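What follows is each chain in one-letter form.
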Amino acid sequence: MYISVEKHKDNLLIQFKGELDHHSSEIVRQKIDQQYHDHGIRNIILDLRGLTFMDSSGIGLIMGRYKNCVEKKGKISIVNDNPHVDKILKMSGLLKIINVYPTIESAIENI
Amino acid sequence: MERNYMKLEFLSKSSNESFARVVVAAFASQLDPTLEELSDIKTAVSEAVTNAIIHGYEYGEGIIIVEAKIIDNEIEILVEDKGMGIADIKQAMEPFYTSKPNLERSGMGFTVMETFMDSLEIESKKGEGTKVRMRKKFNSLSSKE
């Protein structure tokens, strides 16, 4: 599992590559939260297009980041085009509270 | 009737989650599944193994057993631990219920297994362990018959 976390036009952009499960989610959570806190940014964009696997640990991770964002009065968006990830996201009900976009640009436009 | 069987035993380390789901997916691939079916199986196995690690062996490492049986175009997967067992299976199966909210668990594990597989059975005894049995029929092979 590899993630890049960077400031991108006043948003914290997190790009995932690899498999997001219980094993990898803990280190990912720490990296995101530290950068979110350090940069003092409100909005988060999670780019899940590079994921080759995600189970419900990914849902827990997204829910947790959503809560942090709401506390800071920020907005969280997801970028995804992967049908497997989409299936789990739909099942979890997360799509009722978080919007999904096909590209980073379209996510930024809608923040 | 086509039959096959495999058994895998490993230590309840989170680094083995990916190992377990890949092995089961590789075994299932002889049924010529679609990518979606393979992905469903990998996800369901990952959920069951994660449960065994986080809940079954919460207080120390133990052995997780994964068995898979192929009968015609159906796979039956058993994930077993000899850990602490589930006190209330009905409650554990409720969507979004988690006994570990501090770990940011979504409480979706059993719901994912139920949704992605055709059937799910759970047997558990407090202090003795848990068995999760899941079945899935593969459409890709049955459609050729």
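Cut-offs used in this document
- The numbers attached to residues start from 1 for each chain and follow its sequence in the written order.
- In the order they appear in the text, chains get letters beginning with A and ligands get numbers beginning with 1.
- In keeping with the predicted nature of the model, local features appear solely for residues at pLDDT of at least 70, side-chain atom pairs appear and are counted solely at 80 or more, and the whole-chain, interface and lining totals rest on all residues.
- Just so you know, side-chain values use all the structure's heavy atoms and leave hydrogens and water out.
- Helix and strand definitions here come from DSSP, where helices need a minimum of 4 consecutive H or I residues and strands a minimum of 2 consecutive E residues; each element is numbered from the N-terminal end.
- Restricting the calculation to C-alpha atoms gives the radius of gyration, and the globule rule supplies 2.2 Å times the number of residues raised to the power 0.38.
- Note on classification: 1.4 Å probe, protein chains only; a residue is buried when its accessible area is under 20% of the maximum for its type, exposed when over 50%, partly exposed between these limits.
- In these tables, accessible area is a Shrake-Rupley quantity obtained with a 1.4 Å probe, and a residue counts as shielded only by the protein chains included in the view.
- Asp and Glu are treated as the negative residues and Lys and Arg as the positive ones, with His and the ends of the chain left uncounted.
- To locate a charge, the coordinates of NZ of Lys, CZ of Arg, CG of Asp or CD of Glu are taken.
- Only Phe, Tyr and Trp rings are paired, with Trp represented by its six-membered ring, and only when their centres lie within 6.5 Å; those with planes under 30 degrees apart are stacked, over 60 edge-to-face, the remainder tilted.
- Criterion for a charge above a ring: Lys NZ or Arg CZ within 6 Å of the ring centre, and within 35 degrees of the ring normal.
- Note on definitions: salt bridges are taken to be side-chain nitrogens of Lys or Arg within 4 Å of carboxyl oxygens of Asp or Glu.
- Two strands are said to pair when DSSP picks up at least two bridges between them.
- Fitting a line to C-alpha atoms yields each axis, with helices limited to the stretch in contact; the angle taken between N-to-C directions then spans 0 to 180 degrees.
- For this analysis, residues touch if any pair of their heavy atoms sits within 4.5 Å.
- Here a polar contact means two N or O atoms within 3.5 Å. Within protein one must be a hydrogen donor candidate and the other an acceptor candidate, and residues neighboring in sequence count only if both atoms are side-chain atoms.
- Roughly parallel refers to an angle under 35 degrees, roughly antiparallel to one over 145, roughly perpendicular to one between 65 and 115, and oblique to any angle outside these ranges.
- Left-handed describes a crossing whose near helix is turned anticlockwise from the far helix through less than a right angle; right-handed describes the clockwise counterpart.
- Each residue receives one of three labels: charged for Asp, Glu, Lys and Arg, nonpolar for Ala, Val, Leu, Ile, Met, Phe, Trp, Tyr, Cys and Pro, and polar for the others, Gly being one of them.

K.L.:
Which residues make up the overall build of chain A, and what are the values?
P.N.:
Along the backbone of chain A there are four helices and five strands. Starting at the N terminus and ending at the C terminus, chain A contains elements arranged as β-β-α-β-α-β-α-β-α. Against the globule reference of 13 Å for 111 residues, chain A gives a C-alpha radius of gyration of 12 Å, in line with a compact fold. Its C-alpha atoms give chain A principal-axis dimensions of about 30 × 25 × 20 Å. Burial statistics for chain A: of 111 residues in total, 49% are counted as buried. As displayed, chain A offers around 5,300 Å² of accessible surface, 48% of which is attributable to carbon and sulfur atoms. If you average the places of the 15 positive and of the 14 negative side-chain charges in chain A, the two averages end up 5 Å apart.

K.L.:
Please provide a residue-by-residue account of the packing of aromatic side chains, values included.
P.N.:
Considering all chains together, one arrives at one aromatic pair over all chains under this definition. Aromatic side chains B:Phe10 and B:Phe19 sit 6.2 Å apart centroid to centroid with 85° between the ring planes, which places their arrangement in the edge-to-face category. One residue, A:Lys87, lies across the ring of B:Phe116, its end atom 4.7 Å from the ring centre.

K.L.:
I'd like to hear about the pattern of salt bridges, residue by residue, with values.
P.N.:
Under the criterion given, the structure shown has 20 salt bridges over all chains. The residue A:Arg29 makes a salt bridge to A:Glu26 at a minimum N-O spacing of 2.9 Å. On the criterion of helical spacing, the pair formed by A:Arg29 and A:Glu26 is a turn pair, its members being three residues apart in helix H1 (residues 22-39). A residue is classified by how much of its surface remains accessible, and A:Arg29, at 25% relative accessible area, is partly exposed. When the shortest N-O distance is used, the salt bridge between A:Asp86 and A:Lys90 registers 2.8 Å. Of this pair, A:Asp86 and A:Lys90 both sit in helix H3 (residues 83-92), four residues apart, which is roughly one turn of the helix. Since its relative accessible area comes to 21%, A:Asp86 is described here as partly exposed. Through salt bridges with shared partners, a single network forms among B:Lys69, B:Glu76, B:Glu121, B:Glu123, B:Arg133 and B:Arg135.

K.L.:
Break down the sheet that holds strand S5 (residues 129-137) of chain B for me, citing the residues and quoting the values.
P.N.:
All names here are of chain B. One open sheet holds the five strands; their spatial order is S1-S2-S3-S5-S4, and the pairing between them is antiparallel. If you trace the sheet from one side to the other, it starts and ends with strand S1 (3-11) and strand S4 (119-125), each paired once. For this sheet, the mean angle separating the axes of adjacent strands, direction not counted, is 10°. In this structure, strand S2 (residues 63-71) lies alongside strand S3 (residues 74-81), joined through eight bridges in antiparallel fashion. Bridge assignment links Ile71 to a residue of S3, and that residue is Glu74. Sitting on the sheet, helix H1 (residues 16-28) is in contact with S1, S2 and S3, with an inclination near 170° to S1.

K.L.:
Give me the lowdown on the interface of chain B and chain A, citing residues and values where you can.
P.N.:
Residue-level contacts link 25 residues of chain B with 21 residues of chain A. Put simply, B:Glu104 and A:Arg65 hold a salt bridge, and the shortest N to O gap is 2.9 Å. Linking chain B with chain A are 14 residue pairs in polar contact (both at pLDDT 80 or more). Elements supplying a minimum of two residues to the side of chain B that touches chain A: H1, helix H2 (35-56) and helix H4 (109-116) of chain B. Ranked by residue count, the leading element in the side of chain B that touches chain A is H2(B), at ten residues.

K.L.:
Describe in detail the packing of H2(B) against H4(B), supporting the description with residues and values.
P.N.:
Residues and elements named next belong to chain B. Running from N to C, H2 and H4 point in directions that differ by 150°, and their axes come no closer than 9 Å. Relative to H4, the element H2 is oriented roughly antiparallel. Crossing geometry of H2 relative to H4 is assigned as left-handed. Across the interface between the two elements, Asp40, Thr43, Ala44, Glu47, Ala48 and Asn51 from H2 touch Gly109, Phe110, Val112, Met113 and Phe116 from H4. Class assignment for the residues of the contact of H2 with H4 results in six nonpolar, three polar and two charged.

As far as function goes, none of this settles anything; it's purely spatial.
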